[in-house]
Amino acid sequence: MAKKTDDDVRKLTKAMEETLSGKRFQHTLGVAYTAAAMAMKYEVDVKKALIAGLLHDCAKCMSDEKLLKLSEKENIEVTDVERRNPYLLHAKVGAMLATKEYDIDDEEILDAITYHTTGRPGMTDLDKIVFVADYVEPGRDKAPNLAKVRKLAFEDLDGAVRRILKDTLKYLEGEKGSDSEIDPMTAKTYEYYQKKEK
Ligand code: DGI
Ligand code: FE
Ligand code: FE
């Protein structure tokens with residue numbers, strides 16, 4: 001893949017507007033620009049952050065059936081937790097679509113998309129930026145202590161990741177119902193960043 005140009009960014013933005021719901025597209029723009037701003041702060045490639053933000057939820061507006069079907073077709077590994085909670089697959093399927101539909105072959109961008117929901121131990125700075133931007137972008141309004149996490153996002157990247165994982169696990173533990181099952185990857189990531197702090 002040649003280096004992405006401003007024209008590519010414009011095309012990807014248009015493609016997202018066409019494939020996502022209005023609300024999801026608004027969220028996508030929020031994540032893209034927040035990720036770009038964080039990349040400036042943390043000296044990460046700004047255009048990669050912008051593109052990863054633009055594409056991170058490109059598979060979000062698909063039904064559970066479609067996510068499972070596409071995963072099977074494209075040989076994406078589906079864990080037991082993902083089979084019971086197929087929406088988690090929008091991250092892996094999103095990375096596959098980024099490759100096949102949107103011509104992205106940059107592994108750093110693809111990883112940031114793959115791990116944007118659960119995180120992973122040893123995240124790259126780009127992984128962390130997309131993970132955090134997804135949580136703090138301007139359109140979000142439900143998470144507890146959002147003002148604090150937003151500030152933290154620009155002060156302490158690992159601290160923001162840890163805080164978001166902690167609040168997400170707490171939220172999932174408090175939720176009743178089948179879609180609140182904790183993905184082992186989310187738990188492992190939290191453990192990793194808790195240990196890293198000490
Ligand atoms: O796609 P978005 O809504 O923008 O954001 P996302 O991809 O981070 O997904 C957010 C949802 O994912 C949020 O409701 C919490 C949930 N989530 C994160 N980790 C886990 C999880 N859900 C389950 N069941 N298990 C997890 O480990
Ligand atoms: Fe997502
Ligand atoms: Fe998102």
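From a predicted model like this one, the values you see are computed outputs, not experimental measurements.

Chemist: Would you take a moment to explain the coordination of the iron ion (ligand 3) for this structure?
Modeler: A metal bound by six donors in octahedral fashion has ideal angles of 90 or 180 degrees, whereas one bound by four tetrahedral donors has an ideal angle of 109.5 degrees. Here the iron ion (ligand 3) is held by His27 (NE2), His56 (NE2), Asp57 (OD) and Asp134 (OD), and the distances to it run 2.1 to 2.2 Å. Counting gaps between the donor residues of the iron ion (ligand 3) yields the pattern H-x28-H-D-x76-D.

Chemist: Any chance you could explain the coordination of the iron ion (ligand 2) here in plain terms?
Modeler: Only Asp57 (OD), His90 (NE2) and His116 (NE2) from the protein reach the iron ion (ligand 2) as donors, at distances of 2.1 Å. Expressed as a motif, the donor residue spacing for the iron ion (ligand 2) is D-x32-H-x25-H. The exposure class of Asp57 is buried, given its relative accessible area of 2%. For His90, a relative accessible area of 4% translates into the label buried.

Chemist: Would you mind going over the packing of helix H1 (residues 6-19) against helix H3 (residues 46-55) with me for this structure?
Modeler: Packed helices, taken two at a time, are described by the angle their axes make and the gap between the axes. The contact between H1 and H3 brings their axes to 10 Å, and the two run at 15 degrees. In this view, H1 runs roughly parallel relative to H3, as classed from their interaxial angle. In the packing of H1 onto H3, the handedness of the crossing is left-handed. Residues Asp6, Val9, Leu12, Thr13 and Met16 of H1 touch H3, and the partners they reach there are Lys47, Leu50, Ile51, Leu54 and Leu55. A per-class count over the contact of H1 with H3 returns seven nonpolar, one polar and two charged.

Cut-offs used in this document
Residues numbered from 1 in each chain as written. Chains lettered and ligands numbered in written order. Predicted model: local features only at pLDDT ≥ 70, side-chain atom pairs only at ≥ 80, totals over all residues. Heavy atoms only, no water. Donors = N, O, S within 2.8 Å, 3.2 Å for Na, K, Ca; no water. Buried < 20%, exposed > 50% of the residue type's maximum accessible area, 1.4 Å probe, protein only. Axes fitted to C-alpha atoms, helices over the stretch in contact; angles between N-to-C directions. Helix = DSSP H or I, 4+ residues; strand = E, 2+ residues; numbered from the N terminus. Parallel < 35°, antiparallel > 145°, perpendicular 65-115°, else oblique. Left-handed = near helix turned anticlockwise from the far one by under 90°. Contact = heavy atoms within 4.5 Å. Nonpolar A, V, L, I, M, F, W, Y, C, P; charged D, E, K, R; others polar.

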